[in-house]
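# Descriptive analysis of the structure
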Amino acid sequence: MVTDVRVSQNTSRSLLPYLQQANIQYTILISDLQKAIENQTGLRSHRNRRSLSGYNYEVYHSLEEIQDWMHHLNKTHSDLVHMFSVGKSYEGRPLFVLKLGKRSRPYKKAVWIDCGIHAREWIGPAFCQWFVKEALQTYQTDAAMKKMLTQLYFYIMPVFNVDGYQFSWTNDRFWRKTRSKNTRFRCHGVDANRNWKVKWCDEGASFHPCDDTYCGPFPESEPEVKAVAHFLRRHRKQIKAYLSFHAYAQMLLYPYSYKYATIPNFNCVESAAYNAVNALQSAYGIRYRYGPASSTLYVSSGSSMDWAYKNGIPYAFAFELRDTGHFGFLLPETLIKPTCTETMLAVKNITLHLLKKCH
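What comes next is a walk through the structure. Because the structure is a prediction, the values reported are computed rather than measured. Here the residue numbering is sequential within each chain, running from 1 through the sequence in written order. Only residues with pLDDT of 70 or above have their local features reported here, since the model is predicted, and side-chain atom pairs are shown and tallied only from 80 upward, although totals for entire chains, interfaces and linings are computed over all residues. The side-chain figures draw on all heavy atoms in the structure; neither hydrogens nor water molecules are used.

### Overview of the overall build of the protein chain
- Where helices and strands are cited, they refer to DSSP runs of H or I of at least four residues and of E of at least two residues respectively, numbered from the N terminus. Helix and strand content of the protein chain: eleven helices and ten strands.
- Counting only C-alpha atoms, the protein chain reaches 70 × 50 × 45 Å along its principal axes.
- To sort residues, take the accessible area from a 1.4 Å probe on protein chains only and compare it with the maximum for the residue type: under 20% means buried, over 50% means exposed, and anything in between is partly exposed. Of all 359 residues assigned to the protein chain, the portion counted as buried reaches 57%.
- The contacts in the protein chain between residues at least 6 apart in sequence include a share of 71% that link residues at least 24 apart. Pairs of residues are marked as contacts when any of their non-hydrogen atoms sit within 4.5 Å.

Spelled out as structure tokens, the structure:
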């Protein structure tokens, strides 16, 4: 039996004799976990978030920095960017979204992109910021980007689970859930990707408030989920694709999550996924598995992707970004650029697929 041990040096020293005594083979993937966490959350005096050119997209940013960046873009790129809030989190934080696109006509199809449903998956928000940067910087020079922003709107939510993300910076780097309080248990939070009204709290979700996959007391119990669901319902005739960014596994998933069954428009969706993972691989050779979430990853109920699809959004995808477990949620900042660069190719590919007719 090979056990991957991801621990700090101090812990590993105390653990090693037990592993050796039990004759268990092990690999230490991260030699000093605490140092790895501090490297990502430590204050960096060189961070400049005042201008688009000075903002560093190759480091992880706190919630305050991300929201300041959004305000800044809203002021400086008003021709392409409109910032608004869809509601408030459990702890009262605004749920900001950027609407990105050329105001070329009154009605345009749209793509929804959210990142950071799970707090500890920091590469998600990093990608959402990267996508906006690429759109604004290449719009004039890249024909594909120009087409995307002219013919579509993009609704981008860089941090879905704002309370949880903040908590992952200040208290617990591996926090996953929201931060809502439970009246009967001391445990906080609900899994925001098990709280949607689609086969709610069935297989792959838990009724216990202390579990990481706790589905909540009822569907849309979390104000963050309720606010986004409300927005998507109101705009479902306009929104043609739903993209949600998670980590980690290197997969591109589509419905269903909650059952083993083939979606009605399987051929179009599967073709889009196939082309997207090939485009992604062309950058650095990173292979992504793709397919229905239930058979490619695991069965889970109450997910945002299944909900979006069930509510009439024909292209619903969940990306599981790098890596496959070596660094896990602690993906080093040196890998932000390659991860986002390759993911950008996949997203552009899916978006351009949308603009063609698929039968």
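### Details of the pairing of strand β6 (residues 152–157)
- Counting buried positions along β6 gives six out of six residues, so the element sits mostly inside the fold.
- Of the two faces of β6, the one lined by Leu152, Phe154 and Ile156 and the one lined by Tyr153, Tyr155 and Met157 are each fully buried.
- Two strands pair when backbone bridges link them, and strand β4 (residues 94–100) and β6 are joined in this way by three bridges, in the antiparallel orientation. Bridge assignment links Lys99 to a residue of β6, and that residue is Tyr155.
- Sheet topology note: the strand β5 (residues 109–115)/β6 ladder contains six bridges and is parallel. Bridged to Ala110 within β6 is Tyr153. Strand pairing is assigned whenever DSSP identifies at least 2 bridges connecting the two strands.

### Examining helix α4 (residues 123–138)
- Residue count minus one, scaled by 1.5 Å, sets the expected span of a helix. In this model, α4 (16 residues) spans 22 Å end to end at C-alpha, consistent with the 22 Å of a helix rising 1.5 Å per residue.
- Of all 16 residues that make up α4, 15 are buried, and the element is covered over most of its length.

### Here we look at the sheet that holds β5
- Judged by pairing direction, the sheet is mixed, and its eight strands sit side by side in the order β3-β4-β6-β5-β7-β10-β8-β9 without closing on themselves. The open sheet has two free edges, formed respectively by β3 (81–88) and β9 (289–292), since each of these has just one partner strand. Averaged over all neighbouring strand pairs, the angle between strand axes comes to 20°, with direction disregarded.
- Pairing of β5 with strand β7 (residues 239–247) involves six bridges; the strand directions are parallel. Bridge pairing in β7 places Ala110 opposite Ile239.
- Only C-alpha atoms enter the line fits that serve as axes; for helices the fit covers just the stretch in contact. Angles between N-to-C directions range over 0 to 180 degrees. The sheet strands contacting helix α7 (residues 223–234) are β3, β4, β5, β6 and β7, and the helix crosses β3 at an angle near 125°.
- In the packing of helix α8 (residues 266–284) onto the sheet, contacts are made with β8 (251–254), β9 and β10 (315–321), and the angle to β8 comes to roughly 170°.

### Examining the pattern of salt bridges
- Should a side-chain nitrogen of Lys or Arg be within 4 Å of a carboxyl oxygen of Asp or Glu, the pair is scored as a salt bridge. This model, assessed by the stated rule, comprises nine salt bridges.
- Asp142 is paired through a salt bridge with Lys348; the nearest N and O atoms lie 2.9 Å apart. Taken together, the residues Asp142 in the loop between α4 and α5 (143–151) and Lys348 in helix α11 (residues 336–354) connect sequence positions 206 residues apart.
- Where Arg176 meets Asp191, a salt bridge forms, and the shortest distance between an N and an O atom there is 2.6 Å. Separated by 15 residues along the polypeptide, Arg176 in the loop between α6 (162–170) and α7 and Asp191 in the loop between α6 and α7 bring together distant segments of the chain.
- Judged by its relative accessible area of 8%, Arg176 falls in the buried class.
- One salt-bridge network, held together by shared partners, links Glu91, Arg93 and Asp163.

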